[in-house]
Amino acid sequence: MAISNIVPLINNIAYSHADIVLNIGGVPIVGITSIEYSDNQEITGNYSTGHKPTSVSFGQVAFEASITLTFEAMQAIQLGAPNGYIQNVPFFDVGINYLPENGILVRDVLKKCRFKGRSQSSETGNSEIPVTLELYVSDIKYQRVN
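Analysis parameters
Residues numbered from 1 in each chain as written. Predicted model: local features only at pLDDT ≥ 70, side-chain atom pairs only at ≥ 80, totals over all residues. Heavy atoms only, no water. Helix = DSSP H or I, 4+ residues; strand = E, 2+ residues; numbered from the N terminus. Buried < 20%, exposed > 50% of the residue type's maximum accessible area, 1.4 Å probe, protein only. Contact = heavy atoms within 4.5 Å. Areas by Shrake-Rupley, 256 points an atom, 1.4 Å probe, with all protein chains shown as cover. Pairing = 2+ DSSP bridges. Core = buried A, V, L, I, M, F, W, Y, C linked by side-chain atoms within 4.5 Å. Patch = residues over 30% accessible without salt bridge, like charges linked within 9 Å, V, L, I, M, F, W, Y side chains within 5 Å. Salt bridge = Lys/Arg side-chain N within 4 Å of Asp/Glu carboxyl O.

Q: Explain the overall build of the chain to me, please; I cannot follow it from the model alone.
A: Across its full length, the chain holds 1 helix and 8 strands. Helices and strands in the chain line up, N terminus first, as β-β-β-β-α-β-β-β-β. Out of the 146 residues in the chain, the part that is buried amounts to 27%. Across the chain, contacts joining residues at least 24 apart in sequence account for 60% of those joining residues at least 6 apart. For the chain, the exposed area adds up to about 10,000 Å²; of that, 52% sits on carbon and sulfur atoms.

Here is the structure:
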């Protein structure tokens, strides 16, 4: 396991949601209220004699992501979508740039993404309407410093 040379953040400004600049296909997107992405690898214990695994097999890696944005930001994306459906937007990369004041730039990249669908709801008392867009993601490149 590689050990990082990055100096720990002590008495400085930590990364926060306000520091994120997100771009889709190289275009900065305003109105992102939430971003969630993850990867998960299938790991299976192999059994022979006894009650405990005697070896391990590694399976596929699955990637998941979603972004939540304001209704207005979603409309801007939808206006550029072929036939008005976000699922028709061709494959794109999503850059998540963490740009803290006086900090180290961290750039995660969601590779070859496509919108799978959208979910929105509103209720009394909402000052804005959030829209969640679920993404297909083929790979995630973590902490790419450019």
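Q: In this structure, what is going on with the pairing of strand β7 (residues 130-136)? I would like to understand it.
A: When a strand is regular, its side chains alternate between the sheet's two faces. Here β7 shows a buried face lined by Val 131, Leu 133 and Leu 135 and an unburied face lined by Pro 130, Thr 132, Glu 134 and Tyr 136. Note: strand β6 (residues 106-120) against β7, 6 bridges, orientation antiparallel. Pairing of Phe 115 across the sheet is with Leu 135, part of β7.

Q: Sorry, what's going on with the environment of Ala 14 here?
A: Summarising the element assignment, Ala 14 is placed in the segment before β1 (20-24). For the pair Ala 14 and Glu 101, spaced 87 residues apart in sequence, the C-alpha separation works out to 8.8 Å.

Q: In this structure, what is going on with the nonpolar core? I would like to understand it.
A: Note on soluble globular proteins: their nonpolar side chains tend to be buried together. In terms of nonpolar packing, the biggest core is built from 28 residues, with Leu 22, Ile 24, Ile 67, Val 94, Leu 110, Phe 115 and Leu 133 touching the most fellow members. Of all the secondary-structure elements, those providing two or more residues to this core are β1, β3 (32-46), β4 (55-70), α1 (71-79), β5 (92-98), β6 and β7. Not counting residues up to four positions away in its chain, the partners in contact with Leu 22 are Val 27, Pro 28, Ile 29, Ile 32, Ile 35, Ile 67, Val 94, Gly 95 and Ile 96.

Q: Would you explain a nonpolar patch on the surface in this entry?
A: Taken together, the side chains of Ile 43, Val 56 and Phe 58 define a hydrophobic patch exposed on the protein surface, amounting to about 320 Å² of accessible area. For Phe 58, the location among the structural elements is in strand β4. Judged by relative accessible area, which is 58%, Phe 58 ranks as exposed.

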